[in-house]
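# Close look at the chain arrangement
Each chain, written out:
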Amino acid sequence: MAESPQYGAESAYRRSAQGTRLRLLDAASELFAERGYERSTVRDIAARAGANQALLFRYFGSKRALFGEVMARGGHEQLRTTPAEQLFEVALRGMLADGREGADRSLEVCLRSIGGSDEIAEALRGLGEEYAAVLATLSESDTGTLRGDLALSWLLGIGLMRVVVGKEPLASADPDTVCRLVVGALGGLLESLPQAGEAAAGEGGRIPE
């Protein structure tokens, strides 16, 4: 049965609206990761998405709400879909990907947005607590919660030095080498952490030599 002209036009509008919304999310994710929350303007986000600023407010209501969706789509989705024993390496590889397409940049967004408004800081703190809580489950020690915090601190510290500070040789180091060294050393802190490369291999990656 053929679509009526009215139904076909409405369906096309919905597809177009969804596409615009996704472009805005992608553009916001890129800019937040590159500049942080405060320095990413609504005008620049809309321009990168090839959309009008009015559409951003129509679909998200505010830049703050857009930020929340970016974090939910990235960080919270990673937490929901990644096995606990693979979370550290998957998150680390996301930060080491240097913005390559398909890489999750949630922790990069987090690093560049620290120091924003109290509400943004609270959202980032909450996301960090969720990561630390998952990492803490990889230790059976009575200091598991502290170990989870320490693992998260190491993860964010690596991201800070590579992504924000640009400290060499870390800034240009090979991601496989960084993962092999860091995940291998972290096993003493989180006893259930797999060997370096297992998370990537499970996702179709290769195990570093």
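Here, the structure is the one placed above.
Conventions and cut-offs
Residues numbered from 1 in each chain as written. Predicted model: local features only at pLDDT ≥ 70, side-chain atom pairs only at ≥ 80, totals over all residues. Heavy atoms only, no water. Helix = DSSP H or I, 4+ residues; strand = E, 2+ residues; numbered from the N terminus. Buried < 20%, exposed > 50% of the residue type's maximum accessible area, 1.4 Å probe, protein only. Contact = heavy atoms within 4.5 Å. Areas by Shrake-Rupley, 256 points an atom, 1.4 Å probe, with all protein chains shown as cover. Axes fitted to C-alpha atoms, helices over the stretch in contact; angles between N-to-C directions. Parallel < 35°, antiparallel > 145°, perpendicular 65-115°, else oblique. Left-handed = near helix turned anticlockwise from the far one by under 90°. Nonpolar A, V, L, I, M, F, W, Y, C, P; charged D, E, K, R; others polar. Core = buried A, V, L, I, M, F, W, Y, C linked by side-chain atoms within 4.5 Å. Expected span 1.5 Å × (residues − 1).

### A short note on the overall build of the chain
The helix and strand inventory of the chain stands at ten helices and zero strands. The order of α-helices and β-strands along the chain, N terminus first, is α-α-α-α-α-α-α-α-α-α. Taken over 209 residues, the chain has a buried fraction of 43%. The long-range share in the chain, meaning contacts at least 24 apart out of those at least 6 apart in sequence, stands at 67%. Accessible surface for the chain amounts to roughly 11,100 Å². Of this, 52% is attributable to carbon and sulfur atoms.

### Regarding the packing of helix α7 (residues 118–136) against helix α8 (residues 144–165)
At a closest axis distance of 7 Å, the pairing of α7 and α8 adopts a crossing angle of 120°. Here α8 runs oblique to α7, going by the angle between their axes. As for how α7 packs across α8, the hand of that crossing is right-handed. Where α7 approaches α8, its residues Gly128, Tyr131, Ala132, Leu135 and Ala136 are matched on the opposing element by Gly144, Thr145, Gly148, Asp149, Ala151 and Leu152. Here the residues of the contact of α7 with α8 sort into six nonpolar, four polar and one charged.

### A few points about the nonpolar core
The biggest cluster of nonpolar side chains holds 49 residues, and the ones touching the most others in it are Ile45, Phe88 and Leu92. Counting residues per element, this core draws most heavily on helix α1 (residues 5–35), at eight residues. Beyond its immediate sequence surroundings of up to four residues, Phe88 is in contact with Leu135, Ala151, Leu155, Val182, Val183, Leu186 and Leu193.

### Looking at helix α4 (residues 63–81)
Taking 1.5 Å as the rise per residue, α4 with 19 residues should run 27 Å; its terminal C-alpha atoms sit 26 Å apart, in good agreement. Taken together, the buried positions of α4 are Lys63, Leu66, Phe67, Val70, Met71, Gly74, Gly75, Gln78 and Leu79.

### Structural notes on the environment of Leu160
By secondary structure assignment, the location of Leu160 is in helix α8. Between the C-alpha atoms of Leu160 and Met95, which are 65 residues apart in sequence, the distance is 9.5 Å. Filtering out sequence-adjacent residues up to four positions away, Leu160 remains in contact with Leu111 and Val165.

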